[in-house]
Amino acid sequence: MILSRLTLTNFGVFRGRQSISLLPQKGKPIILIGGKNGAGKTTFLEAIRLCFYGSQGLGFSSKEDYLKYLDSRIHTSASSIIQPNVASVTVEFQYSDFEAVHTYKVGRFWERRNTGKVHETLTVERNGKPLDDIAAEYWPEFVRDLIPLGVAQLFFFDGEKIQHLADDTSDQRELSDAMKALLGLDVVERLGADLEIYRSRVIKTLRNVDGGKDVEELAQELQHFENTLAELNKVRNGQEGAISDLRLQVRRLQDKITAQGGSFVRNRERLVHHRAVLETQIGQVEASLRERCAGLLPFTIVPHLCEQLGKQLLAEQMVTDSNSNTQVIKKTKNHVLGQLDISDFWTDFPKLLPATRKKLKTQIGKVFEEMVTTNNGNHAEVIHQLSPILVRQLTGWLDSTTELKKTIRQECMELERLNRELHRVEEELRKVPPDELLKPLLEELQNLNVELAEAGKNAVLTDDKIKNAELELAVVQRRYTQSVEKLASRATEGSRVQLVPKIQHVLDDFKAALLSKKLIRLQTDVTTSFNSLCRKKKSVREITINPDDYSVAFRSQDNRPIPKSQLSAGEKQIYAISMLWGLAKTSGRPLPIIIDTPLGRLDTDHRRLLTEHYFPFASHQVIILSTDSEIDQVYFRDLRQSISEAYRLDFSEEDHGTRINSGYFWNHINETDQITTHN
């Protein structure tokens with residue numbers, strides 16, 4: 001299936017008729033649609049759900065509420081004198097069956113009549129002609145059979161759906177519903193229920209047989225528990241709807257707060273703390289620089305003089321050493337010559353004549369004189385008259401000036417960086433609006449979050465009640481089945497009622513085998529997707545799904561269990577996207593993916609991984625609805641090779657409506673101008 005065109009007429013924030021081509025080019029699956037908060041991204045996804053599924057796609061249980069919703073979605077503009085009273089959503093798509101590729105056009109039109117009531121019309125065309133071979137009253141079922149609602153939820157989703165699946169308290173229920181829709185298990189369960197109804201009718205005819213009353217009492221008890229369970233599920237569905245509504249209210253209010261500078265308010269404490277840290281660091285660097293200025297810094301300004309001074313001190317040290325050596329040589333000479341003048345010195349040499357002794361003494365004296373002359377070869381002028389200790393200290397200081405210069409340069413660069421960061425933080429703090437402006441909104445947001453937490457708590461309690469009711473129902477069901485089988489065995493031989501338990505066992509085995517087979521593939525796909533999209537590579541070795549209660553378990557590389565609660569918020573988001581991707585792969589259905597604001601809660605690393613490994617490969621057609629802060633210039637450049645078309649939703653304050661224009665926020669891809677807008 002490929003979505004080829006969406007046309008909106010006076011729907012929500014979209015004014016007039018807006019038509020957008022969604023056909024991807026070969027090898028370029030992405031259609032990128034950008035829009036600021038409030039420009040109509042969520043309305044875009046909502047329009048497709050509405051067109052295909054009507055009230056069921058949006059969760060309305062009563063026709064009255066649905067018609068009120070349709071009435072509220074007719075565009076209104078404060079700048080227009082005449083307000084529209086008609087709206088429509090039309091989706092064109094290509095769908096392949098065993099015969100050929102067909103082009104379908106599904107349109108949903110509604111009108112606010114003079115009586116104030118809203119009248120809705122659904123049209124379905126195939127290959128340019130009305131779908132005459134099917135009665136109009138069955139057109140909604142025909143569309144739902146082409147694209148089952150339960151399956152479509154795995155392909156058309158937004159940030160709220162991701163958050164819901166990432167939530168610790170609701171993923172089991174979401175996964176259970178998704179798998180049943182994916183595998184058609186709801187049909188199997190309905191068949192089992194029909195068989196049970198048939199058997200009950202037959203058993204009623206045997207109520208007067210021995211054991212019949214027991215069966216009837218068990219049937220009543222069973223009916224009681226089924227009613228209780230149905231009521232609990234109804235309550236749970238209502239709670240789920242309330243939670244979704246609260247989440248939507250929170251998101252809209254957060255967007256409103258953000259638009260009025262609320263993000264700065266939420267970050268104020270962090271910014272104030274960060275400013276204090278920066279000021280402390282700046283003070284430390286400045287103190288270090290002052291200390292260095294009071295020390296050897298002046299030497300770094302005159303490196304040539306320092307070099308000359310070092311050479312002079314070295315020469316003076318050599319002169320000093322030479323003078324010391326000369327004194328030692330002279331002292332040694334006088335001592336040796338004095339020893340030669342003592343007659344006892346020559347006792348061991350009695351045969352030496354006095355003339356020879358004198359000549360030997362003269363030669364030894366010359367040797368010492370030559371040593372003195374050689375040692376006095378350094379004629380440098382001694383200026384400073386410093387001790388060797390001071391010379392060594394000064395030389396060490398001079399040698400350290402090179403490293404000192406590097407250190408000071410690094411500290412100056414660090415000081416500049418810190419001051420720039422401080423300036424940025426102070427700018428952000430200046431953007432923080434006054435408390436009195438946002439206080440009512442923040443209080444409302446806090447109240448909504450309290451309601452949301454309470455609703456989540458009640459939902460968990462209801463889930464516990466449902467589990468207990470299911471256990472009690474299973475016990476009664478088992479007793480009832482045993483009694484019915486015993487009673488049915490007394491029926492006429494070959495009666496069809498005796499086949500009911502066998503058929504139900506076959507259905508149960510079929511359901512279990514199908515689940516087991518699909519869950520194995522799903523586990524593999526989800527694990528692979530998670531590890532490719534998660535920043536911590538190979539942090540999870542395996543993700544398993546319990547076929548009984550659909551609980552999800554994580555295991556590390558060393559086979560250690562990882563509670564889902566230990567995953568970071570970003571990792572839970574990646575898990576949810578991986579689960580949706582895995583379910584889409586497991587479905588085997590070639591459907592397009594539409595994803596609204598997918599990156600809002602992710603850090604830069606996870607955003608990069610999604611743009612590299614998910615968006616270009618998620619499906620043959622991927623429609624991304626994004627703000628400019630999600631798919632920014634960096635990620636746009638990374639995705640460019642996979643983008644067929646880029647559009648921009650521009651909301652005009654002047655006419656209070658959104659128009660669809662070609663090109664993303666900063667880049668126009670004018671390969672084909674496939675957008676037409678009409679008033």
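Conventions and cut-offs
- Residues numbered from 1 in each chain as written.
- Predicted model: local features only at pLDDT ≥ 70, side-chain atom pairs only at ≥ 80, totals over all residues.
- Heavy atoms only, no water.
- Helix = DSSP H or I, 4+ residues; strand = E, 2+ residues; numbered from the N terminus.
- Buried < 20%, exposed > 50% of the residue type's maximum accessible area, 1.4 Å probe, protein only.
- Expected span 1.5 Å × (residues − 1).
- Pairing = 2+ DSSP bridges.
- Axes fitted to C-alpha atoms, helices over the stretch in contact; angles between N-to-C directions.
- Salt bridge = Lys/Arg side-chain N within 4 Å of Asp/Glu carboxyl O.
- Parallel < 35°, antiparallel > 145°, perpendicular 65-115°, else oblique.
- Left-handed = near helix turned anticlockwise from the far one by under 90°.
- Contact = heavy atoms within 4.5 Å.
- Nonpolar A, V, L, I, M, F, W, Y, C, P; charged D, E, K, R; others polar.
- pLDDT = per-residue confidence, 0-100.
- Core = buried A, V, L, I, M, F, W, Y, C linked by side-chain atoms within 4.5 Å.

**Points about the overall build of the chain**
Logical step 1: Within the chain, the secondary structure is distributed over 20 helices and 16 strands.
Logical step 2: With 679 residues in all, the chain has 41% of them scored as buried.

**Observations regarding helix α1 (residues 41-53)**
Logical step 1: Between its terminal C-alpha atoms α1 stretches 19 Å, which fits the 18 Å expected from 13 residues at 1.5 Å a residue.
Logical step 2: Counted residue by residue, α1 has 11 buried out of 13 residues, so it is predominantly covered.
Logical step 3: Of the residues making up α1, those classed as buried are K41, T43, F44, L45, E46, A47, I48, L50, C51, F52 and Y53.
Logical step 4: Remark: G54 follows α1 within two positions and exhibits a positive phi of approximately 60°.

**Concerning the side chain of S4**
Logical step 1: In this structure, S4 sits in strand β1 (residues 2-9).
Logical step 2: Since its relative accessible area comes to 10%, S4 is described here as buried.

**Things to note about the sheet that holds strand β14 (residues 643-652)**
Logical step 1: As summarised here, the arrangement of the 6 strands in space is β8-β12-β13-β3-β14-β15, forming an open sheet in which the pairing is mixed. Each edge of the open sheet is held by one strand with a lone partner, namely β8 (156-158) and β15 (657-662). Each strand axis lies, on average, 15° off the axis of its neighbour in the sheet, ignoring direction.
Logical step 2: As paired strands, β14 and β15 are joined by 6 bridges and run antiparallel to one another. Its bridge partner being in β15, D650 is matched across the sheet by R659.

**What to know about the pairing of β14**
Logical step 1: Among the 10 residues that make up β14, 7 are buried, leaving the element largely enclosed by the rest of the structure.
Logical step 2: Bridge count between strand β3 (residues 30-35) and β14: 6 bridges; the pairing is parallel. When the bridges of β14 are listed, I31 appears paired with E645.
Logical step 3: Hairpin remark: β14 followed by β15, antiparallel, with 4 residues in the connecting loop; positive phi at H656, about 55°.

**Here we look at the pattern of salt bridges**
A side chain of one charge can pair with a side chain of the opposite charge when the charged atoms of the two come close.
Logical step 1: The tally for this structure, following the rule as stated, stands at 14 salt bridges.
Logical step 2: Put simply, R73 and E46 hold a salt bridge, and the shortest N to O gap is 3.1 Å. Taken as a pair, R73 in the loop between α3 (63-72) and β4 (86-96) and E46 in helix α1 lie far apart in primary sequence, 27 residues in all.
Logical step 3: Overall, R73 belongs to the buried group, its relative accessible area being 17%.
Logical step 4: Across the salt bridge formed by D650 and R648, the nearest N and O atoms sit 2.9 Å from each other.
Logical step 5: What makes D650 partly exposed here is its relative accessible area of 25%.
Logical step 6: Residue classification places R648 among the buried positions, given a relative accessible area of 14%.

**Description of the packing of helix α17 (residues 499-533) against helix α18 (residues 569-587)**
Logical step 1: At a closest axis distance of 8 Å, the pairing of α17 and α18 adopts a crossing angle of 135°. Considering their axes alone, α17 and α18 lie oblique with respect to each other. Of the two possible hands of crossing, α17 and α18 adopt the one that is right-handed. Within the contact between the two elements, α17 uses K518, R521, L522, D525, V526, S529, F530, S532 and L533 and α18 uses E571, I574, Y575, I577, S578, M579, W581, G582, L583, K585 and T586.
Logical step 2: Of the residues assigned to the contact of α17 with α18, the class counts are 10 nonpolar, 5 polar and 5 charged.

**Let's talk about the confidence of the model for the chain**
Logical step 1: When pLDDT is averaged along the chain, the result is 79, and 84% of the positions lie at 70 or above.
Logical step 2: Taken element by element, the chain is modelled with least confidence in strand β16 (residues 676-678), mean pLDDT 39, and with most confidence in β1, mean pLDDT 94.
Logical step 3: Below a pLDDT of 50 lies the segment residues 668-679, which in the model reaches 38 contacts outside its immediate sequence neighbourhood of four places, other chains included.

**Observations concerning the nonpolar core**
Logical step 1: Membership of the largest hydrophobic core comes to 101 residues, with the highest contact counts inside it found for L3, I33, F52, F93, Y614 and F615.
Logical step 2: At 9 residues, the largest contribution of residues to this core is made by α18.
Logical step 3: Grouped together as the second largest cluster of nonpolar side chains are 12 residues, L271, I282, I408 and L429 included.

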